[in-house]
Structures are given as C-alpha cells and as structure tokens.
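Secondary and tertiary structure notes
Next come the chains, spelled out residue by residue.
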Amino acid sequence: MLTFVKQGLELGVDTLDHAACYGAFTSEAEFGRALALDKSLRAQLTLVTKCGILYPNEELPDIKSHHYDNSYRHIMWSAQRSIEKLQCDYLDVLLIHRLSPCADPEQIARAFDELYQTGKVRYFGVSNYTPAKFAMLQSYVNQPLITNQIEISPLHRQAFDDGTLDFLLEKRIQPMAWSPLAGGRLFNQDENSRAVQKTLLEIGETKGETRLDTLAYAWLLAHPAKIMPVMGSGKIERVKSAADALRISFTEEEWIKVYVAAQGRDIP
Ligand SMILES: NC(=O)c1ccc[n+]([C@@H]2O[C@H](COP(=O)([O-])OP(=O)(O)OC[C@H]3O[C@@H](n4cnc5c(N)ncnc54)[C@H](OP(=O)(O)O)[C@@H]3O)[C@@H](O)[C@H]2O)c1
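What you are looking at is a predicted structure, and each value in this text was computed from that prediction instead of being measured. (Residues numbered from 1 in each chain as written. Predicted model: local features only at pLDDT ≥ 70, side-chain atom pairs only at ≥ 80, totals over all residues. Heavy atoms only, no water.)

All right, on to the UniProt feature "domain: NADP-dependent oxidoreductase" (unreviewed entry) in the protein then. The UniProt record annotates "domain: NADP-dependent oxidoreductase" (unreviewed entry) at residues 4-255. Secondary structure across residues 4-255 divides into 44% helix and 15% strand, with the first and last C-alpha atoms of the span separated by 32 Å. (UniProt positions renumbered as here; feature names shortened; annotations may be inferred. Helix = DSSP H or I, 4+ residues; strand = E, 2+ residues; numbered from the N terminus.)

Next up, the structure:
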C-alpha cells in the first residue's frame, strides 16, 4: 500500500478518500499502518474521510443496526477514531457521509467548530447532499463547506440535470465524483454501457487515445464544475490512466455525444 501511495504521488495524485465505515470499519487502520512506515509522507497527502454511517460489524460490536448518526457526540468520536486509525495528527477534510433525515444541524456545527478550533480537522464538507440540504447545513456551520462528494459518471448523470452541479457552480464549490466509472459497470457488455464505450472510443480515435477509463475521466474533467473524480482501484496502471486524462480535452459537441449515447435518446 505504501508503494502504491508513493507511485500515486509521483503521478500527481495526492488526495486519498477514506470513510470510517469502509472495509467494515477496518480500512482506515490498514492505511494508517502503511503510512506509519514512512511518516514523511503525511505532509504530502490530503486525507479525506467521512463519518456518520453505521452498520453492524465486528470492529464495533455495539452497533446493532444500519443507521446514520450525525450527532455532535458521534462526529467527535468518529473524527478522533479516524485520526487514530489513520495514524495522522489531523484530518485534511472531514465529510458528513450521508445526511440523516433527522440530523440536527446545530450539533453538526458544534462538532465542526470544536474539531476546527482544536486543529483536528482543517476543512469540512458533505457527501450525497441535495442543494437544499447543502445550503441548509451551510447556514448553520461557521466553516465553508468545501465539497459535496456525489455519484457522477456517464452512467449516472442526475447531478448534471437536477440542479446539484448548478448549485455547486453557483457557489464555486468543486464536487468530488464517486464511482466515476460507475463502479466498473462502464466496462460491462450491456447495451447502455456498450453505447457509451463506442462513443468514447470513436472520440478517442480522433485524439489518439484508446483507453476507455482515460476517456471517461476526461469527459468528467471537461465539465465546467471542475469535477474531481474519486477513483476506486488499487492498481497503479489505473491511476496512470486517470492521470493521463488531464491531457485530453473534449469539445462541447463531443461531450454531448457521450451524454446522448449514455441516455439512449437524442437531446431536444
Ligand atoms: N461518498 C460516497 O457515498 C461514496 C460511495 C461509493 C464510493 N465512494 C468513494 O469513491 C471511490 C470510487 O468508487 P468506485 O470504486 O465505485 O469507483 P470506480 O472507479 O467507478 O470503479 C472502480 C471499479 O472499476 C474497475 N475498473 C477501473 N478501471 C477499469 C478498467 N480499465 N477496466 C475494467 N475495470 C476497471 C475497478 O477494477 P480494478 O479493481 O480491477 O481496478 C473497480 O472494480 C471509492 O473507493 C470511495 O472512496 C464514495
């Protein structure tokens, strides 16, 4: 894992996305053990983690049901646990993983204030928030919410059309896109995926690029919202494919071609 992180840094990838609940609440500790092997790496990395999703697991036997917890007490506990498991002194970014439908924004704001003032967390954000929920939470929280981590890919386009990206553009806030390759479904052989593949590869041919993942990342990067794709692979060649997307641009016409292929019908 340490080698992977170092190779990623050489490619310019310095931001790593975690969540307390990943790997049944074990992933942060695994990463922390790798980071502890070379403490000098910490300052070069931007560590993002999330809190608020709970489900039964062996690490935390007291959790009996799948639920959200956005309380002051839980956010404080989860952030401190993430710092300890990741073996770092502070978190660069803490996101509320999902907004509980009965979340108390005053409690979230109190936790953020305390985490910020004690230097435990530098920046705050959210994940899977609608514009209304984002604006509501921002109105309570003293620190600027710096991102909304949402699902975006050619196969998951809601954010382009439901106001989510328009809101972030208006606020000049960069979204993080989870599952930018639709969790790997982009490579499937179903009709929808194949239509997107065909269009991306046709466009790629004119640019001398044959890698589907590179083209899909380039498509996301071409959007004016300045989307930051969060890739999900432990293979360094995949990271290289992603980094190479920075060299490819899409015209608006090409971008729309992929959009049309993905939705399976022409634009009005
Ligand atoms: N905030 C949230 O609610 C939320 C939810 C889900 C995920 N996330 C975050 O987003 C990250 C990415 O999500 P994701 O894992 O779904 O992302 P993804 O990058 O869309 O999908 C990753 C999958 O695509 C496969 N893949 C990549 N390139 C490929 C290629 N060229 N050919 C064939 N398969 C390829 C990978 O396989 P290999 O393993 O073989 O490379 C892996 O199985 C997660 O790790 C997590 O940090 C956040």
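Here the narrative resumes, following the displayed structure.
As far as domains go, the protein holds domain 1 (1-149) and domain 2 (152-268). Taken together, the contacts link 20 residues of domain 1 with 18 residues of domain 2. For the pair domain 1 and domain 2, the summed buried area comes to about 1,400 Å², and 76% of that belongs to carbon and sulfur atoms. At the junction of domain 1 with domain 2, the criterion picks out 0 salt bridges. Remark: the boundary between domain 1 and domain 2 carries 4 residue pairs in polar contact (both at pLDDT 80 or more). Examining the composition of the side of domain 1 that touches domain 2, we find that 5 residues originate from one element, strand β7 (residues 145-151), more than from any other. Residues that form the side of domain 1 that touches domain 2 fall into these classes: 11 nonpolar, 7 polar and 2 charged. (Domains from an automatic or database assignment. Contact = heavy atoms within 4.5 Å. Buried area = accessible area lost by both parts, 1.4 Å probe. Salt bridge = Lys/Arg side-chain N within 4 Å of Asp/Glu carboxyl O. Polar contact = N/O pair within 3.5 Å; in protein donor to acceptor, adjacent residues only side chain to side chain. Nonpolar A, V, L, I, M, F, W, Y, C, P; charged D, E, K, R; others polar.)

Taken together, 7 strands build an open sheet; the order of strands is β1-β2-β5-β6-β7-β8-β9 and the sheet is parallel. Edge positions in the sheet fall to β1 (15-17) and β9 (228-230), since each has one partner strand and no second. The sheet shows a mean angle of 25 degrees between the axes of neighbouring strands, direction not considered. Sheet analysis places strand β5 (residues 91-96) next to strand β6 (residues 121-127), joined by 5 bridges and oriented parallel. Counterpart to Leu91 in the pairing with β6 is Val121. Its contacts with the sheet place helix α5 (residues 105-117) against β5, β6 and β7, and it is angled at close to 150 degrees to β6. Helix α6 (residues 131-140) rests against β6 and β7 of the sheet, and its axis sits at about 155 degrees to β7. (Pairing = 2+ DSSP bridges. Axes fitted to C-alpha atoms, helices over the stretch in contact; angles between N-to-C directions.)

Let's shift gears to the pairing of strand β2 (residues 46-51). Among the 6 residues of β2, 5 are classified as buried, and the element is accordingly described as predominantly covered. Bridge count between β1 and β2: 3 bridges; the pairing is parallel. Its bridge partner being in β2, Leu16 is matched across the sheet by Leu47. Bridge analysis of β2 against β5 gives 4 bridges, and the strand direction is parallel. Paired with Lys50 across the strands is Leu95, a residue of β5. (Buried < 20%, exposed > 50% of the residue type's maximum accessible area, 1.4 Å probe, protein only.)

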